[in-house]
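# Structure assessment
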Amino acid sequence: MRALVWHGKEDIRCDTVTDPEIEHPRDAIVKVTSCAICGSDLHLFHNFIPAMLPGDIMGHEMMGEVVEVGSGVNGKLKKGERIVIPFTIICGECEQCKAGNFSVCETTNRKKYLADKVFGHSTAGLFGYTHLTGGYPGGQAEYVRVPYADATHIRVPDGLPDEEVLFLGDIFPTGWQAAMQCDIKPTDTVAVWGCGPVGQMSIRSAILLGAKQVVAIDRIPERLSMAEAGGAITIDFDEESVVERLNELTNGKGPEKCIDAIGLEAHVTPFQPDTILDRTKQMLMLENDRAHVLREMIYVCRPGGTISIPGVYSGFADKVPMGMLMNKGLTIRTGQTHVNRWTDDLLRRIEEGQIDPSFVITHTVGLEAGPEMYKVFRDKQDSCIKVVLKP
Ligand SMILES: NC(=O)c1ccc[n+]([C@@H]2O[C@H](COP(=O)([O-])OP(=O)(O)OC[C@H]3O[C@@H](n4cnc5c(N)ncnc54)[C@H](O)[C@@H]3O)[C@@H](O)[C@H]2O)c1
Ligand SMILES: [Zn+2]
Ligand SMILES: [Zn+2]
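Let me begin by describing the structure that accompanies this report. (Residues numbered from 1 in each chain as written. Chains lettered and ligands numbered in written order. Predicted model: local features only at pLDDT ≥ 70, side-chain atom pairs only at ≥ 80, totals over all residues. Heavy atoms only, no water.)

## Regarding the overall build of the protein chain
- In terms of helices and strands, the protein chain carries 13 helices and 18 strands.
- Against the 2.2 N^0.38 benchmark of 21 Å for 391 residues, the protein chain shows a C-alpha radius of gyration of 20 Å, consistent with a compact globule.
- Dimensions of the protein chain, computed from C-alpha atoms along their principal axes, come out at roughly 60 × 50 × 45 Å.
- Contacts in the protein chain between residues far apart in sequence, at least 24 positions, make up 72% of those at least 6 positions apart.
- A total of about 15,700 Å² of accessible surface is found on the protein chain, and carbon and sulfur atoms cover 52% of it.
- Between the averaged position of the 40 positive side-chain charges in the protein chain and that of its 53 negative side-chain charges there is a distance of 4 Å. (Helix = DSSP H or I, 4+ residues; strand = E, 2+ residues; numbered from the N terminus. Rg over C-alpha atoms; globule rule 2.2 N^0.38 Å. Contact = heavy atoms within 4.5 Å. Areas by Shrake-Rupley, 256 points an atom, 1.4 Å probe, with all protein chains shown as cover. Lys, Arg positive; Asp, Glu negative; His and termini not counted. Charge placed at Lys NZ, Arg CZ, Asp CG, Glu CD.)

Structure, rendered in structure tokens:
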């Protein structure tokens, strides 16, 4: 089959690879009908997250048709069924899965010994996301093997097109969880840093959850326009001071809730000297993560407020202001998304027409164009916001 394969830094190719097969009774094989490139894939493209190996298949946002099931799937999934695949592989049976903490499933990381060493305790297996999370082949491919398939799926009705349900596997529940972690009240201002696909889903989720106002921060005009169309007030951080503007919009008090939809690759600019320092330290391997956005959020957040972090961080970040965080009594909530905790509710909201997540798609191409689209998405060429691939 054809698949997008990681060969090294900024080197992803569309290769012919061996077709996946059932390896375990709980597996299923899915013929991928649609998959997407995620902001998290860019961190792998840039080789910022360790433990990728040449030959690894990329992709963790995908859906398709079940073409084969193992004997242990026990009727929970049948050939011909249409499913979205959550990026988190879940067993459905361990203590964490039972508590709804699916992204930290205790069972599915088949390289648990690595994650135990690096994280203290292992987290869930993820598709196409390094050997720290199991080294499972991803879904930017014609076919994907779904381990623990009896639990690891979201069944979707035939009536809805792929584009409306595909993002149930990652960015839609990610934006939703980011907003849910803020415990939004009708009096809250929610500020969202980053208007990429995750920021866009966070903005629309915060509005659906009844925030008083949502403020969106970025520098890319078409991303800011999309945020505005979703109901946000926008701040272009190239043009104005984020801190001053957020204080103006909140009677000098700061937003109660702050969402970091950027993660370890915050934009580097001489106007924010700490970003230059972070980039330098990153190149010298003195720190992994550029923490500019964390610093800005902790500084401007209203005392007693919440910092919600869906943005991915990989290791160690410097100069995170613990004194400010502690004295202001801020709450930090973060995590890889517990996808299946949210998807029944979100599918219902799609079916009811409350939201159509396909609004974020700007490019739909074949799998062969995938390697080029990594660059287009990374460089925001051609007004690119979200790429869907049709294998
Ligand atoms: N927690 C999860 O489970 C989960 C799931 C999916 C994605 N993510 C993460 O969410 C993050 C965003 O993903 P995405 O797909 O939207 O990526 P993206 O790269 O398309 O978007 C990031 C946006 O941040 C903007 N930005 C950069 N620096 C900024 C700054 N200082 N202030 C304001 N905006 C700034 C960029 O211009 C860009 O539009 C990534 O770190 C990704 O890994 C996490
Ligand atoms: Zn993702
Ligand atoms: Zn589990």
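## Brief notes about the sheet that holds strand β13 (residues 233-236)
- Pairing is parallel in the open sheet, where 6 strands are placed in the order β13-β12-β11-β14-β15-β16. The outermost strands of the open sheet, each flanked by one partner alone, are β13 and β16 (331-334). Adjacent strand axes in the sheet meet at a mean angle of 20 degrees, parallel and antiparallel pairs treated alike. (Pairing = 2+ DSSP bridges. Axes fitted to C-alpha atoms, helices over the stretch in contact; angles between N-to-C directions.)

## Remarks on helix α9 (residues 273-283)
- Every buried residue of α9 is accounted for by Thr275, Asp278, Lys281 and Gln282. Taken end-on, α9 shows its buried residues confined to a sector of 125 degrees, consistent with a single buried face. Every exposed residue of α9 that faces more than 90 degrees away from the buried side is listed here: Pro273 and Met283.
- Buried residues belonging to α9 abut α10 (292-300).
- One or two residues past the end of α9 sits Met285, with phi positive at roughly 60 degrees. (Buried < 20%, exposed > 50% of the residue type's maximum accessible area, 1.4 Å probe, protein only. Arc of directions from axis to C-beta.)

## Some points on the coordination of the zinc ion (ligand 3)
- Binding of the zinc ion (ligand 3) to the protein goes through Cys91 (SG), Cys94 (SG), Cys97 (SG) and Cys105 (SG), at separations of 2.3 to 2.4 Å.
- The coordination sphere of the zinc ion (ligand 3) comprises 4 donor atoms, whose angles at the metal cover 105 to 117 degrees; the geometry is tetrahedral. (Donors = N, O, S within 2.8 Å, 3.2 Å for Na, K, Ca; no water. Tetrahedral: all angles 85-135°; square planar, octahedral: opposite > 155°, others 65-115°.)

## Examining the coordination of the zinc ion (ligand 2)
- Here the zinc ion (ligand 2) is held by the protein donor atoms Cys38 (SG), His60 (NE2) and Asp170 (OD), which lie 1.8 to 2.2 Å from it.
- Linear spacing of the donor residues for the zinc ion (ligand 2) on their chain is C-x21-H-x109-D. Here His60, found in the loop between β4 (56-57) and β5 (62-69), pairs with Asp170, found in the loop between α4 (162-165) and α5 (171-180); they are 110 residues apart in sequence, far enough to count as distant. Across this residue pair, the class does not change: His60 and Asp170 are buried.

## Looking at the state of the cysteines
- This model, assessed by the stated rule, comprises 0 disulfides.
- Summary of cysteine pairing: Cys384 is not part of a disulfide, and the nearest cysteine sulfur, belonging to Cys38, is at 13 Å.
- Judged by relative accessible area, Cys384 falls into the buried class, the value being 0%. (Disulfide = S-S within 2.5 Å.)

On their own, these measurements won't tell you what the molecule is for.
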